[in-house]
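The residues making up each chain are set out below.
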Amino acid sequence: MANSNLPRRIIKETQRLLSEPAPGISASPSEDNMRYFNVMILGPSQSPYEGGVFKLELFLPEEYPMAPPKVRFLTKIYHPNIDKLGRICLDILKDKWSPALQIRTVLLSIQALLSAPNPDDPLSENIAKHWKTNEAEAVETAKEWTRLYASGE
Amino acid sequence: MAQESAASEMARVDDFYFSVLFDESPFPISDSKYAEELQLQEALMSITTNTSQTTTSSLSSSSVLLASSSPQPPILIQVPPPNDKQQQQLDLGESSQIFCEICAERKPIDEIFPNDSSDCKHSFCSDCISKHISTKVRYSHLNSVISCPGLDCKDVHVLELEACREILPKDVVDKWDDSLCEALILNSQKFYCPFKDCSAVLLDDSEELGEVIVESECPICHRLFCARCRVPWHSGIGCEEFGRLHEDERGTEDLMLREIAKEKKWKRCPECMFYVERTEGCLHITCRLLDLALRCVRHQHLGRANIMLTSPDGHATTIFHQLMPDMRAKSLFDKVTTFPPILKCNSELLCNDQASQVFIYHDSCRKSYFRFENHFFNY
């Protein structure tokens, strides 16, 4: 039922995500609901998340593409802009959303956020504080969490 | 004539480039494929330009116009002549259509939102622009600036209401218009009707009038409110007194209760804040929580308290003065017990709370408190 009247835009985006996945990102729609995507992002190299496989869920609301997709990390991650529920602090997912953006661009932005954590605009106060006071130690914790929770097993 | 056709060709080239961009995204994912597609699109274009230009100009070889954002003469480049009939048919079928990046559909040119702005060259279909504006107007009501949805266009190309009026539903136009008007009013002068089901935007012109407006009527819902406190009208109570009330006691019903209490001379227990009515008996009312002397009104004035303590055996009395706030009798007595021991009995110093009688006369409010064993009296 949910898949009837799927806008052409979503169909085209899905086809492209499947046929030409962006490097380090895979996104595939759920069989029961074509608006729900299972996403996997590989931790970018030279980041504390390197070697990790991060699972996310992405949902295209009824208003998409006028409203942004809803994205959440399912894998636990130690990052100042991601909270313990996996919610992501990213401007293009909120007020900077434009209907000209796509699922692909959103996921690439999230991948970029893993490479460049921004403790000045935090979602997890504690992690951001840790990052600002002792970055080396915070990075170690992030690596540890990547080993513990995102090793892909 | 040639200029005109060049302009329409340019729009068409733009369309093809956008469609390539969409399919390949702004990120360099597969350069070879990108280039290949561009070449294909250019070849397709050459057919269009060729077929249309041969009628207007005498160019014998095929040429293609490159997309350019300035009105400079278009650049002509040579490409091989077309030889694929199928491509030609495909092109003729879609030549008057533009690809909308938002809905990912090709739309006839008359369904494309006319972008007359010099700030950007994005073209989206009218339907998508209308939906974009409607969503912005409905969900981000405090932000009346709506930009072109193109990437990197935020605050660069701002969409104008007049240019969009025709493609928008009436309720969206009205709402957008309202929020634009609202944005013109300074925040310091603007406030909302305090009745939540009304919340009309109101203008505080007390500065212009040079007087503070207090009791006002909302011109929309016609209910009374206080423009100074920005709350529903607090009848029977001044703004200062209202400001001192606890947040939980500012509702209309709370204020009505206050008025009844005043009329009926009900008093409130200063500790548990319950209203108490004395129907008969003496003035000494025992609160369910603690003793309450009815006439004890709380003033927080400091004043000289004359305190007299009587020793447990009733023989010795100690009198002293102390600067104390005029507070509830029991607190006053409790306070006395915290003073350094001054009560003497048989040349022995006792704790003050061992006094059999305590008498306090407070200078500033001319009230007396008396405790005898566990009984309190005020007069």
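Given the structure is predicted, the values throughout are model-derived calculations rather than measurements.

Moving on, we come to the overall build of chain B. Of regular secondary structure, chain B possesses ten helices and 20 strands. Out of the 379 residues belonging to chain B, those deemed buried represent 37%. Considering only contacts in chain B between residues 6 or more positions apart, those separated by 24 or more positions represent 42%. Counting every atom, chain B has about 23,100 Å² of accessible surface; 53% of that belongs to carbon and sulfur.

Turning our eyes to something else, we now look at the overall build of chain A. For chain A, the count of helices and strands is four helices and four strands. The secondary structure elements of chain A, listed N-terminal to C-terminal, are α-β-β-β-β-α-α-α. For chain A, with 153 residues in total, the buried portion stands at 52%. Across chain A, every contact between residues at least 6 apart in sequence was considered, and the portion connecting residues at least 24 apart equals 55%. Of the roughly 7,800 Å² of accessible surface on chain A, a fraction of 52% belongs to carbon and sulfur atoms.

A few words on the confidence of the model for chain A. Residues shown with low pLDDT carry predicted positions that ought not to be read at fine detail. When the pLDDT values of chain A are averaged, the result is 89; 96% of them are 70 or greater. Confidence, read as mean pLDDT per element, is least for helix 3 (residues 125-133) of chain A in chain A (88) and greatest for strand 3 (residues 53-59) of chain A (95).

Residue and element names in this part refer to chain A. Per the UniProt entry, the sites bearing "active site" (unreviewed entry) are Cys 89 in this numbering. Residue position: Cys 89 is located in the loop between strand 4 (70-73) and helix 2 (103-115). Assessed through its relative accessible area of 17%, Cys 89 is described here as buried. For Cys 89, the contacting residues outside a window of four places in its chain are Asn 81, Lys 94, Leu 113, Asp 121 and Leu 123.

What follows is about the pairing of strand 1 (residues 25-29) of chain A. Residues and elements named next belong to chain A. Burial along strand 1 is one-sided: Ile 25, Ala 27 and Pro 29 are buried, while Ser 26 and Ser 28, pointing the other way, are not. Where strand 1 lies against strand 2 (residues 36-42), five bridges are found, and the strand directions are antiparallel. Across the sheet, Ile 25 pairs through a bridge with Ile 41, a residue of strand 2. Between strand 1 and strand 2, which pair antiparallel one after the other, the connecting turn spans six residues.

Here we take up the sheet that holds strand 4 of chain A. Residue and element names in this part refer to chain A. In spatial order, the strands read 1-2-3-4; together these four strands make up an open sheet with antiparallel pairing. The strands lining the two open edges of the sheet, one partner per strand, are strand 1 and strand 4. Averaged over all adjacent pairs, the angle separating strand axes in this sheet is 20°, with direction ignored.

A separate point is helix 9 (residues 252-264) of chain B. In an α-helix, one turn spans 3.6 residues, which is why side chains three or four residues apart end up on the same side. Compared with the 18 Å implied by 1.5 Å per residue over 13 residues, the 18 Å span of helix 9 of chain B between its first and last C-alpha is a close match. Count one or two residues on from helix 9 of chain B and you reach B:Lys265, which has phi positive near 60°.

All names here are of chain B. It is at 10 Å that the axes of helix 4 (residues 126-139) and helix 6 (residues 170-184) come closest, and there the two elements cross at 50°. Classified by the angle their axes make, helix 4 and helix 6 are oblique. The interaxial crossing formed by helix 4 with helix 6 has left-handed handedness. Here helix 4 contributes Ile 133, Ser 134, Val 137 and Arg 138 to the contact with helix 6, which in turn contributes Asp 171, Val 172, Lys 175 and Trp 176. When grouped by side-chain class, the residues that make up the contact of helix 4 with helix 6 number four nonpolar, one polar and three charged.

On to the pairing of strand 2 of chain A. All names here are of chain A. Residues Phe 37, Val 39 and Ile 41 of strand 2 are buried on one face, while the alternating residues Tyr 36, Asn 38, Met 40 and Leu 42, pointing to the opposite face, are not. Note that strand 2 and strand 3 share seven bridges and pair antiparallel. Residue pairing in the sheet places Val 39 in a bridge with Leu 56 of strand 3.

Summed over all chains, the structure comprises seven aromatic pairs over all chains. Through a chain of ring-to-ring contacts, the aromatic side chains of A:Tyr78, A:Trp131, A:Trp145 and A:Tyr149 assemble into a single cluster. The ring centre of B:Phe191 lies 4.1 Å from the NZ or CZ of B:Arg230, which sits over that ring.

Turning next to the interface of chain B and chain A. Taken together, the contacts link 24 residues of chain B with 19 residues of chain A. Between chain B and chain A we count zero salt bridges in total. Counting residues per element, the ones that place at least two in the side of chain B that touches chain A are helix 1 (2-24) and helix 4 of chain B. With six residues, helix 4 of chain B is the largest single contributor of residues to the side of chain B that touches chain A.

Glancing now at the environment of A:Ser98. The topology assignment puts A:Ser98 in the loop between strand 4 and helix 2. Classification of A:Ser98 as buried rests on a relative accessible area of 10%. With residues up to four places along the chain from it excluded, the contact list for A:Ser98 reads B:Pro149, B:Gly150 and B:Leu151.

Attention now goes to the side chain of B:Ser134. Secondary-structure assignment places B:Ser134 in helix 4. Once you skip the residues sitting within four places of it in the chain, B:Ser134 turns out to touch B:Leu168, B:Pro169 and B:Val172.

This part is about the sheet that holds strand 7 (residues 215-217) of chain B. By definition, the strands of a sheet pair up through backbone hydrogen bonds, in either a parallel or an antiparallel sense. All names here are of chain B. The sheet built from three strands is open, its strands ordered 7-8-9 with antiparallel pairing. The open sheet has two edge strands, strand 7 and strand 9 (231-232), and neither has a second partner. In this structure, strand 8 (residues 224-226) lies alongside strand 9, joined through two bridges in antiparallel fashion. Paired with Phe 225 across the two strands is Pro 232, which belongs to strand 9.

The rules behind these values
Residues numbered from 1 in each chain as written. Chains lettered and ligands numbered in written order. Predicted model: local features only at pLDDT ≥ 70, side-chain atom pairs only at ≥ 80, totals over all residues. Heavy atoms only, no water. Helix = DSSP H or I, 4+ residues; strand = E, 2+ residues; numbered from the N terminus. Buried < 20%, exposed > 50% of the residue type's maximum accessible area, 1.4 Å probe, protein only. Contact = heavy atoms within 4.5 Å. Areas by Shrake-Rupley, 256 points an atom, 1.4 Å probe, with all protein chains shown as cover. pLDDT = per-residue confidence, 0-100. UniProt positions renumbered as here; feature names shortened; annotations may be inferred. Pairing = 2+ DSSP bridges. Axes fitted to C-alpha atoms, helices over the stretch in contact; angles between N-to-C directions. Expected span 1.5 Å × (residues − 1). Parallel < 35°, antiparallel > 145°, perpendicular 65-115°, else oblique. Left-handed = near helix turned anticlockwise from the far one by under 90°. Nonpolar A, V, L, I, M, F, W, Y, C, P; charged D, E, K, R; others polar. Phe/Tyr/Trp six-rings, centres within 6.5 Å; stacked < 30°, edge-to-face > 60°. Lys NZ or Arg CZ within 6 Å of the ring centre and 35° of its normal. Salt bridge = Lys/Arg side-chain N within 4 Å of Asp/Glu carboxyl O.

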